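# Inside the fold
In case you want the letters, here they are:
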Amino acid sequence: MTDTTTTPNPKTIPTPKALSPSSAACFKACPQSYLFQYLFNIKQPTNQALAKGSMCHSALEKVFELEPMERTLENLQNLLRKVWAEKRLSTAYRPLFDYDTEEEEDGGGQSEPKRNREAERKWGMEGLRLLENYYELEDPRLVPRPNPIEREVWVNAKLTINPSLGVTGYAGRSNTTPTEPSDGNDAADPPGGDTFLVRGIVDRLDYVAAPPSPRSRRTTSPDDEMGVLRIIDYKTGKAPNFKYSPAMNEKIANDTTWQLKIYALLLREMMASTNSHRRQKASNLQNLSGEELRLLRLMYLTSSSETNGAAKYLDMDLGETQEERDRILQNVHGELADIWKNILRLVETQDPREFVHCDQKW
């Protein structure tokens, strides 16, 4: 006889609390990988490439703490050496260069895994070369103050499930303008309660001159030139190779700048917010507005052998007008909302098999 009074299984797949650019991209690429990493919290261990990226990011952040003329290549590389010296034996990084079985004695007579010092030295030299590439692309001594206006800054916003209710929602309608509120809604506290949190860390924000255009040259004088915000993200992987058809090259550019578009959307929402806590960790943004948010830059520290591995920029202009920019960000808002709804739908099934697998190895 079957017992029909058994207690239902407790919930096994938790509901996520937020999205990030990386988690959203992970879900797009492989829902099952998202399930393992972000819901079951089964993280892939740090590898040498990720560690190198983290160390380079740290050095590139700290170099701007120095006076401009102290931002030499030697000092930049020494910052990498310093941060690695502090973290190389930590739990996260130590296994990267430990042999699996051989042990050696430390100064106190205690046994510890033997280090593969040659592999560690080679890895360190690769990191120093990436910083040298950066220095050939951009001399930090020449970056004018107050830039960077922000470094490693958290950005976050509660986005509406219905994208048309967000700050950029007017861009999808014909009867509103950027200066009109969308149905009277406040971006800091969207109505209806149907929102989801998106957050991430922006590597760097600069305030730069707006790019010239035929339209602006006709309507403004040099004295009227406006400044705009540029979002910068450092990449230690190779720059994409635009050697394909125009349509494919455009797709590659859009895919690689998607993360920066998310940051731009979050900043746009934050700057429109009347709720001060959105800006408390980005104090330099308080005197800026979303109308100044325009340029995106991926700074790749290396590229293919065809270009001798040189560092490269990948720039994107969101548009000369506010409506052009917000139309792009409105599309990104819609993509994120769809991802969030799809995640909640799969969580509701409480069936891990519903998260489609991919060929990613674990």
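Structure shown above.
Keep in mind it's a predicted model, so treat the numbers as computed, not measured.

How each quantity is defined
- Residues numbered from 1 in each chain as written.
- Predicted model: local features only at pLDDT ≥ 70, side-chain atom pairs only at ≥ 80, totals over all residues.
- Heavy atoms only, no water.
- Axes fitted to C-alpha atoms, helices over the stretch in contact; angles between N-to-C directions.
- Helix = DSSP H or I, 4+ residues; strand = E, 2+ residues; numbered from the N terminus.
- Parallel < 35°, antiparallel > 145°, perpendicular 65-115°, else oblique.
- Left-handed = near helix turned anticlockwise from the far one by under 90°.
- Contact = heavy atoms within 4.5 Å.
- Nonpolar A, V, L, I, M, F, W, Y, C, P; charged D, E, K, R; others polar.
- Core = buried A, V, L, I, M, F, W, Y, C linked by side-chain atoms within 4.5 Å.
- Buried < 20%, exposed > 50% of the residue type's maximum accessible area, 1.4 Å probe, protein only.
- Salt bridge = Lys/Arg side-chain N within 4 Å of Asp/Glu carboxyl O.
- Phe/Tyr/Trp six-rings, centres within 6.5 Å; stacked < 30°, edge-to-face > 60°.
- Pairing = 2+ DSSP bridges.

What follows concerns the packing of helix α3 (residues 48-62) against helix α4 (residues 73-87). Interhelical geometry of α3 versus α4 gives an angle of 125° and a closest axis separation of 8 Å. The angle between the axes of α3 and α4 places the two elements in the oblique class. Seen along the crossing, α3 lies across α4 with a hand that is right-handed. Note on element contacts: α4 touches α3 through L76, L79, L80, V83, W84 and K87, opposite M55, C56, S58, A59, L60 and K62. By residue class, the composition of the contact of α3 with α4 is 9 nonpolar, 1 polar and 2 charged.

The next subject is the nonpolar core. Judged by nonpolar contacts, the single largest core of 48 residues is most densely connected at I231 and L336. The biggest single contributor to this core is helix α8 (residues 258-272), with 10 residues. Non-local contacts of I231, meaning those with residues more than four positions away in its chain, are made with V202, R204, L205, L260, Y263, A264, L267, L293, L295, L296 and R297. By size, the runner-up hydrophobic cluster in this structure holds 26 residues, among which are A51, Y93, L131 and Y134.

Across all of its chains, the model carries 22 salt bridges by this definition. Between E335 and K28 there is a salt bridge, and its shortest N-O distance comes to 3.7 Å. In this pair, E335 is assigned in helix α9 (residues 322-349) and K28 in helix α1 (residues 21-29), connecting sequence segments 307 residues apart. You can call E335 partly exposed: its relative accessible area is 32%. A relative accessible area of 46% means that K28 is categorised as partly exposed. A salt bridge links K235 to D233; its shortest N-O distance comes to 3.0 Å.

Attention now moves to the packing of aromatic side chains. Inspection of the entire model under this criterion finds 9 aromatic pairs. For the pair Y34 and Y38, a centre-to-centre distance of 5.5 Å together with 25° between the ring planes defines the contact as stacked. With Y34 and Y38 both in helix α2 (residues 31-39) and 4 residues apart, the pair spans about one turn of that helix. When the ring of Y134 is compared with that of Y234, the centres are 6.3 Å apart and the planes differ by 90°; the resulting orientation is edge-to-face.

Next up on the list: the sheet that holds strand β5 (residues 227-238). Within the open sheet, the 5 strands sit side by side as β3-β4-β5-β6-β7. Their pairing is mixed. In the strand order of this sheet, the two ends are held by β3 (150-160) and β7 (312-317), each with one partner. Averaged over all pairs of adjacent strands, the angle between their axes in this sheet comes to 40°, without regard to strand direction. Across 10 bridges, the pairing between β3 and strand β4 (residues 195-209) is antiparallel. Following the sheet pairing, V155 is matched in β4 by G200. Running over the sheet, helix α5 (residues 117-137) touches β4, β5, β6 (293-302) and β7 and is turned about 135° from β6.

This brings us to α2. In an α-helix, one full turn covers 3.6 residues, which means residues spaced three or four apart are oriented alike. By the burial criterion, the buried members of α2 are P31, S33, Y34, L35, Q37 and L39. Here the buried face of α2 lies against α1 and α9. At the exit of α2 stands N41, carrying a positive phi of roughly 60°.

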